[in-house]
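# Remarks on the overall topology
Each chain is listed here by its residues.
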2 protein chains.
Amino acid sequence: MMNKHLVKPLLMLLICIGLSPMNTVSAQQKATWIWYPGDFEVWLSNKMQVRRTEREAVFPPLWQYYSPYALVTFQTEVELPEADDVKIYSEGPFQLLLDGVQVHGQPKSIKVPAGKHKISLKVYNQEVLPAIYIEGKYVKSNASWKVTNEDKLWIDENGQAQQSGTPWVPVGSWNFDAPERKPSEFKLTTTPWSAVKTEKVGAGELVDFGKETFGYVKIHGLKGKGKLALYYGESREEALDTAKCETLDHLSFDGTQPELYTNAGSKAFRYVNVQTDPSVKYDSISMLYEYLPLEYRGAFKSSDPLLNQIWDVSAYTMHLTTREFFIDGIKRDRWIWSGDAYQSYLMNYYLFFDSPSVERTLLALRGKEPVTAHINIIMDYSLYWFIGVYDYYLHTGDTKFIKTFYPRMKSLMEFCLERRNKSGFLEPLEGDWVFIDWANGLPKTGEVSFEQMLLARSLEAMSVSAGIAGKNDDQKYYQNLAEDLKTRLFDVFWDKKENVMKHQRIDGKVQDIVTRYANMFGIFFNYFNEDQKQSIKNKVLLNDNVLQITTPYMRFYELEALCAMGEQDYVLKEMRDYWGGMLKLGATSFWEEYNPNKSGKEHLEMYGRPYGKSLCHAWGASPIYLLGKYYLGVKPTAPGYSEYVVEPVLGGLKWMKGEVPTPNGSVKVDCSTTRIKVLASEGTGKLKIKSATTPKLSYGKAKKIGVNLYEATLKANQEMVVSYKAL
Amino acid sequence: MMNKHLVKPLLMLLICIGLSPMNTVSAQQKATWIWYPGDFEVWLSNKMQVRRTEREAVFPPLWQYYSPYALVTFQTEVELPEADDVKIYSEGPFQLLLDGVQVHGQPKSIKVPAGKHKISLKVYNQEVLPAIYIEGKYVKSNASWKVTNEDKLWIDENGQAQQSGTPWVPVGSWNFDAPERKPSEFKLTTTPWSAVKTEKVGAGELVDFGKETFGYVKIHGLKGKGKLALYYGESREEALDTAKCETLDHLSFDGTQPELYTNAGSKAFRYVNVQTDPSVKYDSISMLYEYLPLEYRGAFKSSDPLLNQIWDVSAYTMHLTTREFFIDGIKRDRWIWSGDAYQSYLMNYYLFFDSPSVERTLLALRGKEPVTAHINIIMDYSLYWFIGVYDYYLHTGDTKFIKTFYPRMKSLMEFCLERRNKSGFLEPLEGDWVFIDWANGLPKTGEVSFEQMLLARSLEAMSVSAGIAGKNDDQKYYQNLAEDLKTRLFDVFWDKKENVMKHQRIDGKVQDIVTRYANMFGIFFNYFNEDQKQSIKNKVLLNDNVLQITTPYMRFYELEALCAMGEQDYVLKEMRDYWGGMLKLGATSFWEEYNPNKSGKEHLEMYGRPYGKSLCHAWGASPIYLLGKYYLGVKPTAPGYSEYVVEPVLGGLKWMKGEVPTPNGSVKVDCSTTRIKVLASEGTGKLKIKSATTPKLSYGKAKKIGVNLYEATLKANQEMVVSYKAL
């Protein structure tokens, strides 16, 4: 599918991967720091993920770290209308070639004469990562440059330079748009926050910041020599329990420290318990809140104040966990888990629509070559990654990401396909962790239908991606694999008598177990026909005898499946109970897990540790996604919102109004039981209206497409006002 | 082949790769810094190879850099007779687990109770490389530990730790045997050297250090503010030519510098031309000579003083180029080239017998995964690597290297095999550089017989290595490939009419070209029968109409082939002419290239640059190898000199005496025209004696094995004295 929004990035890509050898230069372009694509993300994620601490021990991930390339060559070809004075900034020593001739030393600038030129910089940086910022009137480092980790430029016996087989790729960049904004010095933004309350605890004090936060403790008016301990708590109980709290800092001062002291390590907390030696004094405690500056482009308000609060706290939870990357939780694990991140991508499309955060996270998770284990060593987590790439394309319409990283998609898929058993199904081999969900008694061995379903969806994503990358043979190959796998999935796991999907096959024998996982994913993957869906809804989703889901992680999909089947009234009630339940307990961000049957400190426990649970976990923020996609009812149906659907469902609300961001604008929806207003800033939409009467439109015609169901066409920047009667 | 010298390392390996889960501990063991095997070498070679400069621009290699793993887990299992106080030193923050339980913080020591324990340290270091030094009475970091880059230790829903599929490998180590000797701070040894002469040049002076050297210029009594330039020269001409010399340093002083100033960058030079601003003054110039401290375990003296000088200057050349790794030349390229290094390995076995230098160089060259290009991007250079590994095993008897790195051998060989054409021959694809030799008009396209011969030898090396690594299927697979390739090599390239090997086939048509390369390699590879050898000797090696070899690089093999055919008299004359020719021109180390037909400054030119030639190049040192192997006549015939041959050939000398190092000792040979004395400190040798009379032995019996050819058995530590009559 091609549309005007796709044409521009495609053309840009054709230029920058070198199909057109000469870059168009103009004085209007902006310079930015550039690097080998994906390497900044690998480097930053390595750094970030070891910042998790557990009682002052670093706690690095259990999966492998990749590394940036320490030596890369950047290159551009330009045609200049006049001579250009070009400034050179580099992270790492470099060799500069102008038209193949080495320039003396490490110049801070060069004069490039008018005309056609080739500029190459080979940069070495083993400590951080090689990066350059080049700025002349015309010559500027930006996304149009290419880069390689193997320049293969050699001199033959005749003294001639030879180069062949060099794997050039488009450079990576983000928003480092000034010479002094070096990638190696990247830091999130900080802003001062004050405490809302303090109380005396023993010889020290408990400082309360009023809500869950993240950042660096500051000590004002610090004096004296001796020790000072900071015990952090996401809960009051945790901060007070100095022997068991998950994070803490023991500081030691020699009397020469500054009076305004900022702690080096960032932590997640609402409370800080400060205990000092009698010889150490201070005036007060504040903190530096650390965050990724993002605009809340999505919005939701309704007639239900509790639901509005749920949306607000979800958005804050999402913002706290949207950092260098989409992480799982801010106290724990502070890691990038593909399954958790997949939900963050989806929530992001309804809140920030921040594409760089999705790209950074996908790249950090994928790492580089060779692939020797599943992403996060979890089988399902490799598969979510492919679907995440597809969704990114669907929401943004961006093809550059897929074109640049298709080789990494392919090598990961090859790794997965090589791990299939003789029946062509994924079955865990040594070193493979099958996660699915945290649930007691959930079988995970043998052939699990859920994993095959994710693989089928991943193969579909690969087929679309291969097409975008211009690999037509691959496109057909993956399409055939996907179709074949779906056929066998139903042959083996679909129980024709019971009309449900079974969970597992061991040694060729399908086990008599039904779980929610494959059944609910098959609904929003649209793998079932209507009869199958209805059967699943009644026999699985709404059946309390089927193993219950207790994590917000899988609750995300369970509620999505119900919404996809029109159960918004039911889901609204569930949201009020579940997320409302956390709010009642004083939650200021949403948790890793919530069980209404627990009470008091039990809510804080997890993994056998009294404060093991994360009280700010991305997967707790799913109402953002559900309310945007299934109540406001906005979703793309063609890449980059070139086509989309708006299908508002009040689900029992009197009214709701909100905004769903799109690549270059938004879709605004304002809906009561009698009136719907929609204003979209791009693309062509279909408005679907459930109405007891024939709706009246401000423009165009309502087409009847079913019982009490009408459809109208939405044009960009033209507000549609509909009078109707909600069912 | 198995012998007592092989048994010990094999047993050690079995222990350390974890077949025996518990390490024997004793208070006698030595602690040393340990790391992921091969990672120190990758890291150090990356650093070293960007130290090449050309007129103050850094000049990094044209091939890709690999990186150390930034996150690794070290582990050992111990059984302690008593509690042990264990000190912990780490390069990078770490997480310490004792018996699976995390220890609080970053402790500097822990007390490990008596009994069985598992100790794990997960260490992060992205800037350098993760490394640890652990020292208790019993618990000590050493080669018995194992390490992984993917620990895959995860917690299941029941809170149980799970670990499977973890790729444990034995750690790497060298000689960092004290806590303060950190791998990241590795430096070669330095010692002060004085200048031998200075002369006034313009406003400055030319400082002569008397011979080729390498290191850091020191300025004594430095005062003032302003600029000082150092122009380096391997020759007087180069140092004086400030506009064209290859290396230089422009220093700038602000007046606050120390009076004794040591320049930061190391350089290769004999002369330094020092030019200063009038405002800058100094007393004198000296230098810090930088070198790898190695014992000269090989020796050679003879009745020919010129030959003795050739050996001495060869040894010095070899020492200068044996540094962090075996490099090509000390001024240029300061890089690790597999073809050059292969010769250094061979020379090393006759001079230092320093195994760590061979291992470091092999590891730096091989890098890590994935393999995306030939080593140094040169087809022949990948193949020399395999042969170098085999030779290492043959000379040292060490199997641990092959067992540890067999996966890297295999993946490189897979890369090579995938690049074969439909006929099963290597033919350059895009990005492949076929080097062979610097020689004008040498054809390098299509199927070149020389490359196929190296591939055949590499496949033989792989077969032996697979056997050592316990991969029996691979052993047969590679053996069959080798045999098949040799058959086709002769079918296609051996000219049965001319009785020589042809050079090249293009599009299925053998070209009417004969070169020396495949023909001479086939001789010492022992691929030819006697008839074929004689034909090649006369029609190729001694035929001036066949394209002449002008580089010492290929001259190494040409002279080896002639020696292997008993032409020591001829080769001796060649050595006197060629290497003696360089000495006559004042060489203090041997050159990259020497053409007796050139004169004056022409000798300094190369690559179109007036001082482009390296005047200290490892491949210039081949007399060390030739004299040890083909005159003293000592070479191993079973791994680690468990069996060896001594076959002294005077080649026209009146007498010679020398020593060839072996893994744990040496073979001393003292030979005149009437008496041979041999004393070996290990293994069982065969002494081959060419004599006009039946030789008389000090022990054992001489067996006649041909016309005027006798054989005796040499026992360890028993001097053999033979009376004979040289032919």
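Just so it is clear, the structure is predicted and the values come from calculations on it, not from any experiment. (Residues numbered from 1 in each chain as written. Chains lettered and ligands numbered in written order. Predicted model: local features only at pLDDT ≥ 70, side-chain atom pairs only at ≥ 80, totals over all residues. Heavy atoms only, no water.)

### Some points on the overall build of chain A
- Per the secondary structure count, chain A includes 15 helices and 38 strands.
- Once the C-alpha set of chain A is aligned to its principal axes, its extents read approximately 75 × 75 × 60 Å.
- The buried share of chain A, reckoned over its 727 residues, is 61%.
- A fraction of 72% describes how many contacts in chain A between residues 6 or more apart in sequence connect residues 24 or more apart.
- Per element, the accessible surface of chain A, about 27100 Å² overall, is 50% carbon and sulfur. (Helix = DSSP H or I, 4+ residues; strand = E, 2+ residues; numbered from the N terminus. Buried < 20%, exposed > 50% of the residue type's maximum accessible area, 1.4 Å probe, protein only. Contact = heavy atoms within 4.5 Å. Areas by Shrake-Rupley, 256 points an atom, 1.4 Å probe, with all protein chains shown as cover.)

### Brief notes about the UniProt feature "domain: Alpha-rhamnosidase-like N-terminal" (unreviewed entry) in chain A
- Summarizing the sequence annotation, UniProt attributes the feature "domain: Alpha-rhamnosidase-like N-terminal" (unreviewed entry) to residues 72-274 of chain A in the numbering used throughout.
- A distance of 48 Å separates the end C-alpha atoms of residues 72-274 of chain A, which is 2% helix and 54% strand. (UniProt positions renumbered as here; feature names shortened; annotations may be inferred.)

### Let's talk about the domain arrangement of chain A
- The domain boundaries assigned to chain A delineate domain 1 (4-185), domain 2 (189-291), domain 3 (293-368 + 549-631), domain 4 (379-434 + 440-544) and domain 5 (634-723).
- Distance from the C-alpha centre of domain 1 of chain A to the C-alpha centre of domain 4 of chain A: 38 Å. (Domains from an automatic or database assignment.)

### Points about the interface of chain A and chain B
- Contacts between the two partners involve 61 residues from chain A, matched on the other side by 61 residues from chain B.
- Here chain A packs against chain B, burying approximately 5000 Å² in sum over the two surfaces, 55% of which is carbon and sulfur.
- Area buried by chain A at its contact with chain B is led by Gln126(A), Trp154(A) and Glu157(A), which between them contribute 12% of it.
- The interface formed by chain A and chain B holds zero salt bridges in total.
- Our count for the chain A to chain B interface comes out at 26 residue pairs in polar contact (both at pLDDT 80 or more).
- Of all the elements, helix 2 (residues 39-49) of chain A adds the most residues to the side of chain A that touches chain B, at four residues.
- Taken together, the residues that form the side of chain A that touches chain B break down as 30 nonpolar, 16 polar and 15 charged. (Buried area = accessible area lost by both parts, 1.4 Å probe. Salt bridge = Lys/Arg side-chain N within 4 Å of Asp/Glu carboxyl O. Polar contact = N/O pair within 3.5 Å; in protein donor to acceptor, adjacent residues only side chain to side chain. Nonpolar A, V, L, I, M, F, W, Y, C, P; charged D, E, K, R; others polar.)

### A look at the side chain of Ser465(B)
- By secondary structure assignment, the location of Ser465(B) is in helix 9 (residues 449-468).
- Not counting residues up to four positions away in its chain, the partners in contact with Ser465(B) are Ile402(B), Tyr406(B) and Met409(B).

### What about the relation of the copies chain A and chain B?
- Overlay of chain A on chain B (RMSD 0.0 Å): rotation 180°, translation along the axis 0.0 Å. Here the transformation between the copies is reduced to the relation of a two-fold axis. Identified as the residue of chain A closest to the rotation axis by C-alpha distance is Glu127(A), at 2.1 Å.
- A share of 100% of interface residues in chain A that are also interface residues in chain B marks the association as one of identical surfaces. (Least-squares fit on C-alpha atoms with pLDDT ≥ 70 in both.)

### So, helix 4 (residues 305-321) of chain A
Residue and element names in this part refer to chain A.
- Spanning 17 residues, helix 4 covers 24 Å between terminal C-alpha atoms, matching the ideal 24 Å at 1.5 Å per step.
- Burial within helix 4 is extensive, with 13 of its 17 residues counted as buried.
- With a side-chain oxygen positioned 2.9 Å from the backbone nitrogen of Leu306, the residue opening helix 4 is Asp304. (Expected span 1.5 Å × (residues − 1).)

### Quick look at the pairing of strand 23 (residues 299-302) of chain B
All names here are of chain B.
- By the alternation rule, side chains of strand 23 split into Phe300 and Ser302, which are all buried, and Ala299 and Lys301, of which none is buried.
- The sheet contact formed by strand 23 and strand 31 (residues 655-662) spans four bridges and is antiparallel. For Ala299, the partnering residue across the bridge sits in strand 31 and is Glu659. (Pairing = 2+ DSSP bridges.)

### Section: unusual backbone geometry
All names here are of chain B.
- The omega torsion across Arg332 and Asp333 is 10°, close enough to zero to call that bond cis.
- Along the chain, Asp333 turns up in the loop between helix 4 (305-321) and helix 5 (338-348).
- Of the consecutive residues Glu369 and Pro370, the connecting peptide bond is found in the cis state with omega at -10°.
- Inspection of the secondary structure puts Pro370 in the loop between helix 6 (355-366) and helix 7 (379-396).
- Phi is positive for Asn376, close to 55°, though the residue is something other than glycine.
- Note on placement: Asn376 falls in the loop between helix 6 and helix 7.
- What makes Asn376 buried here is its relative accessible area of 3%.
- Even without a glycine there, the phi angle at Tyr607 is positive, about 55°.
- Inspection of the secondary structure assignment puts Tyr607 in the loop between helix 14 (568-584) and helix 15 (623-631).

### Remarks on the pairing of strand 32 (residues 665-672) of chain A
Residues and elements named next belong to chain A.
- Extensive coverage of strand 32 is indicated by the burial of seven of its eight residues.
- Pairing between strand 31 (residues 655-662) and strand 32: eight bridges, direction antiparallel. Along strand 32, the bridge assignment pairs Trp655 with Ser672.
- Between strand 31 and the antiparallel strand that follows it, strand 32, lie two residues.
- As judged from the five bridges shared by strand 32 and strand 33 (residues 675-680), these two strands associate in the antiparallel manner. Following the sheet pairing, Lys668 is matched in strand 33 by Leu679.
- From the end of strand 32 to the start of strand 33, which pair antiparallel, there are two residues.

### Description of the packing of helix 5 (residues 338-349) of chain A against helix 13 (residues 552-564) of chain A
Residue and element names in this part refer to chain A.
- In contact at an axis separation of 10 Å, helix 5 and helix 13 are set at 50° when each is read in the N-to-C sense. As judged from the angle between their axes, helix 5 and helix 13 are oblique. Seen from above, helix 5 lies across helix 13 with left-handed handedness. Of the residues in helix 13, those in contact with Gly339, Asp340, Tyr342, Gln343, Leu346 and Met347 of helix 5 are Tyr553, Phe556 and Tyr557.
- Per-class residue counts for the contact of helix 5 with helix 13 are six nonpolar, two polar and one charged. (Axes fitted to C-alpha atoms, helices over the stretch in contact; angles between N-to-C directions. Parallel < 35°, antiparallel > 145°, perpendicular 65-115°, else oblique. Left-handed = near helix turned anticlockwise from the far one by under 90°.)

### Things to note about the packing of helix 14 of chain B against helix 15 of chain B
Residues and elements named next belong to chain B.
- Following both chains from N to C, one finds helix 14 and helix 15 inclined at 165°, their axes separated by 12 Å at the closest point. Overall, the two elements helix 14 and helix 15 adopt an arrangement that is roughly antiparallel. Between helix 14 and helix 15 lies a crossing of left-handed hand. Every residue of helix 15 that contacts helix 14 at Gln568, Val571, Leu572, Met575 and Trp579 is listed here: Pro623, Leu626, Leu627, Tyr630 and Tyr631.
- Partitioning the contact of helix 14 with helix 15 into residue classes produces nine nonpolar, one polar and no charged.

### Things to note about the environment of Ser382(A)
All names here are of chain A.
- Looking at the secondary structure, you find Ser382 in helix 7 (residues 379-396).
- Separated by 307 residues in the primary sequence, Ser382 and Gln75 place their C-alpha atoms 33 Å from one another.
- Dropping the residues within four chain positions of it, Ser382 is found in contact with His374, Ile375, Leu412 and Cys416.
- In terms of polar contacts, Ser382 uses its side chain to reach the backbone amide nitrogen of Ile375, at 3.0 Å.

### Some details on the sheet that holds strand 28 (residues 509-510) of chain B
Residues and elements named next belong to chain B.
- Taken together, the three strands give an open sheet; going across it, the order is 24-27-28, and neighbouring strands pair in antiparallel fashion. Where the open sheet ends on each side, the last strands, each with one partner, are strand 24 (447-448) and strand 28.
- Relative to strand 28, strand 27 (residues 504-506) is paired through two bridges, and the arrangement is antiparallel. The partner of Arg505 across the bridge, within strand 28, is Val510.
- On the sheet, helix 10 (residues 472-493) packs against strand 24, strand 27 and strand 28 and is oriented at approximately 80° with respect to strand 27.

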